[in-house]
Amino acid sequence: MIKNRITHYWSHRAEGFAAQRVREFYSEKRDRWLTEIRRYLPEGKTLRILDLGTGTGFFAFLLMAEGHQTVGIDLTPDMITQAKQMSEKLGLSPQFEVMDAENPDFPPESFDVLITRNLTWTLPHAAVAYKAWYQLLSPGGVLINFDADYCSASNSDEEVELPENHAHKLVPEYLHAENDAITEELSAYQMPRPQWDIQLLVEAGFEKIAVDMGVYKRIYAEVDEFYNPVPIFTIAAYK
C-alpha cells in the first residue's frame, strides 16, 4: 500500500527533517513564508488553522507564533514525535495528532484555514481529500496549498548544483531510490498540476480558486540548504 510505503520512508527522514525545519524557522525563510501566507488570511481575528501533513510542524509553529490556534496532523508517527519535541525547543504548543490527511477526524466547519506544504502530490486519493477538506472549512474559510508537480518533474537536482548541507545531499542512496520509486507509483494517480487540482477543487465544492505560479521565485530566491529544485505553486481555494 502506497501510504505505508510513504510513512516508512518519512520515518527514516524524520529526525534530520526536524533539524532542518528548526533552522528554517529561525532563517529569513520564516518571513518569506509568512508574507505568502498572509496574502490569503482574513485580518484582525484569531484563526483556527489546521496544518495538513504537518511533518514536524513548521507551519503550525509559524502560525501559532502569530497568535492563531493551530493543529497539525501527519500520517507518520515519527514526524509527530519530532513535532512534539520541537514544541519544547520553540516554546510553542500546537495540538499534534497522527492522522490521515485524506480522512481527517474533525467535525464539519472546524477550521477557518487549512494549510499544507508538499502534501497533496503524495495523496493517492486527492479528490477524496479535497472533498473532506471542503467540509472541514467554516463558511468563508480558505485552503492554502503549497505544492509542485513533482510526479511530472525531471530530476532537477542535476540542473542546479545544491550545497553540501542540502537535504538531498544528506539523504542516503537507498532513500533516494525509494523516493524515486514512490514518485513513479504516485504518478499513476495524477494529471498535470495545478490544472488537475483546480478541476478537483471545483468538484469538491470550491468556487473561488486562485493560483500563484510566482511564489517559487519569492521563497527560493537563492540556492541554499532549504532550496527546492522543483518549482512550487500556491493554490488558494475559498469556501
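Preceding this section is the structure that the text describes.
Residues numbered from 1 in each chain as written. Predicted model: local features only at pLDDT ≥ 70, side-chain atom pairs only at ≥ 80, totals over all residues. Heavy atoms only, no water.

Participant: How do you make sense of the overall build of the protein when you look at a structure like this?
Facilitator: When helices and strands are counted, the protein shows nine helices and seven strands. Computed over C-alpha atoms, the radius of gyration of the protein comes to 17 Å, within 12% of the 18 Å expected from 2.2 N^0.38 for 239 residues, which places it in the range of a compact globule. In the protein, which comprises 239 residues, the share counted as buried stands at 55%. Across the protein, every contact between residues at least 6 apart in sequence was considered, and the portion connecting residues at least 24 apart equals 77%. Counting every atom, the protein has about 11000 Å² of accessible surface; 50% of that belongs to carbon and sulfur. For the protein, the separation between the mean place of its 22 positive charges and that of its 36 negative charges on side chains is 5 Å. (Helix = DSSP H or I, 4+ residues; strand = E, 2+ residues; numbered from the N terminus. Rg over C-alpha atoms; globule rule 2.2 N^0.38 Å. Buried < 20%, exposed > 50% of the residue type's maximum accessible area, 1.4 Å probe, protein only. Contact = heavy atoms within 4.5 Å. Areas by Shrake-Rupley, 256 points an atom, 1.4 Å probe, with all protein chains shown as cover. Lys, Arg positive; Asp, Glu negative; His and termini not counted. Charge placed at Lys NZ, Arg CZ, Asp CG, Glu CD.)

Participant: What should I look at first to understand the sheet that holds strand β1 (residues 48–52) in this one?
Facilitator: Pairing between the strands of a sheet is mediated by backbone hydrogen bonds and can be parallel or antiparallel. Strand order across the open sheet formed by seven strands is β3-β2-β1-β4-β5-β7-β6, with mixed pairing between neighbours. The open sheet is flanked by β3 (95–98) and β6 (208–212), the only strands paired with a single partner. In this sheet, adjacent strand axes meet at a mean angle of 15 degrees when their direction is disregarded. Helix α4 (residues 77–90) contacts β2 (69–74) and β3 of the sheet and is inclined by roughly 165 degrees relative to β3. (Pairing = 2+ DSSP bridges. Axes fitted to C-alpha atoms, helices over the stretch in contact; angles between N-to-C directions.)

Participant: Looking at this structure, I do not really get a nonpolar patch on the surface. What am I missing?
Facilitator: Taken together, the side chains of Ile 198, Val 202, Val 211 and Met 213 define a hydrophobic patch exposed on the protein surface, amounting to about 320 Å² of accessible area. Its location among the elements puts Val 211 in strand β6. (Patch = residues over 30% accessible without salt bridge, like charges linked within 9 Å, V, L, I, M, F, W, Y side chains within 5 Å. Salt bridge = Lys/Arg side-chain N within 4 Å of Asp/Glu carboxyl O.)

Participant: What's the story with the pattern of salt bridges in this structure? I'm lost.
Facilitator: Between side chains of opposite charge, a pair can form as their charged atoms come close. Scanning all chains against the criterion turns up 18 salt bridges. With a shortest N-O distance of 2.7 Å, Arg 38 and Glu 66 are connected by a salt bridge. Of this pair, Arg 38 sits in helix α2 (residues 29–38) while Glu 66 sits in the loop between α3 (58–64) and β2, and the two are 28 residues apart along the sequence. Accessibility expressed as a relative area gives 44% for Arg 38, which makes it partly exposed.

Participant: Can you help me understand the nonpolar core in this one?
Facilitator: Side chains of nonpolar character tend, in soluble globular proteins, to be buried together. Formed by 48 residues in total, the largest nonpolar core has its most connected members in Trp 33, Ile 37 and Ile 144. Residues contacting Ile 144, with those up to four places away along its chain left out, are Ile 37, Tyr 40, Leu 41, Val 113, Leu 114, Ile 115, Thr 116, Thr 234 and Ile 235. In this structure, Phe 106, Leu 136, Leu 137 and Trp 196 belong to the second largest nonpolar core, which totals 27 residues. (Core = buried A, V, L, I, M, F, W, Y, C linked by side-chain atoms within 4.5 Å.)

Participant: What's the story with unusual backbone geometry in this structure? I'm lost.
Facilitator: Negative phi is the rule for most residues except glycine; trans is the rule for most peptide bonds. Between Arg 193 and the following residue, Pro 194, the backbone shows a cis peptide bond with an omega angle of 10 degrees. Within the chain, Glu 109 stands out as a residue other than glycine whose phi angle is a positive 60 degrees. Relative to the helices and strands, Glu 109 is located in the loop between β3 and β4 (111–117). Phi is positive for Asn 118, which is not a glycine, with a value near 55 degrees. Residue position: Asn 118 is located in the loop between β4 and α5 (126–136).

Participant: Could you clarify how one ought to interpret the pairing of strand β5 (residues 137–148) in this entry?
Facilitator: Along a regular strand, successive side chains alternate from one face of the sheet to the other. Among the twelve residues that make up β5, ten are buried, leaving the element largely enclosed by the rest of the structure. Pairing of β4 with β5, which is carried by six bridges, proceeds in the parallel orientation. From the neighbouring strand, Ile 115 faces β5, where its bridge partner is Ile 144. After leaving β4, the chain enters α5 and then returns to the sheet as β5, a path that is right-handed. Note that β5 and strand β7 (residues 232–238) share seven bridges and pair antiparallel. Within β7, the residue paired with Ala 148 across the bridge is Ile 232. (Right-handed = clockwise from strand over helix to strand, strands pointing away.)

Participant: When you look at the packing of aromatic side chains in this model, what are you seeing that I'm missing?
Facilitator: Two aromatic rings are characterised by how far apart their centres lie and by the angle between their planes. Inspection of every chain in the model, using the stated rule, returns 16 aromatic pairs. Centroid distance Trp 10 to Phe 17: 5.3 Å. Interplanar angle 75 degrees. Geometry classified as edge-to-face. Classification of Trp 10 as partly exposed rests on a relative accessible area of 23%. Centroid distance Trp 33 to Phe 146: 5.0 Å. Interplanar angle 80 degrees. Geometry classified as edge-to-face. A residue pair is termed long-range when its members are at least 10 positions apart, and Trp 33 in helix α2 and Phe 146 in strand β5 qualify at 113 residues. Here the guanidinium or amino end of Arg 30 rests over the ring plane of Phe 25, the centre of that ring lying 4.1 Å away. Sitting above the plane of the Phe 59 ring, Arg 117 keeps its charged end 5.9 Å from the centroid. (Phe/Tyr/Trp six-rings, centres within 6.5 Å; stacked < 30°, edge-to-face > 60°. Lys NZ or Arg CZ within 6 Å of the ring centre and 35° of its normal.)

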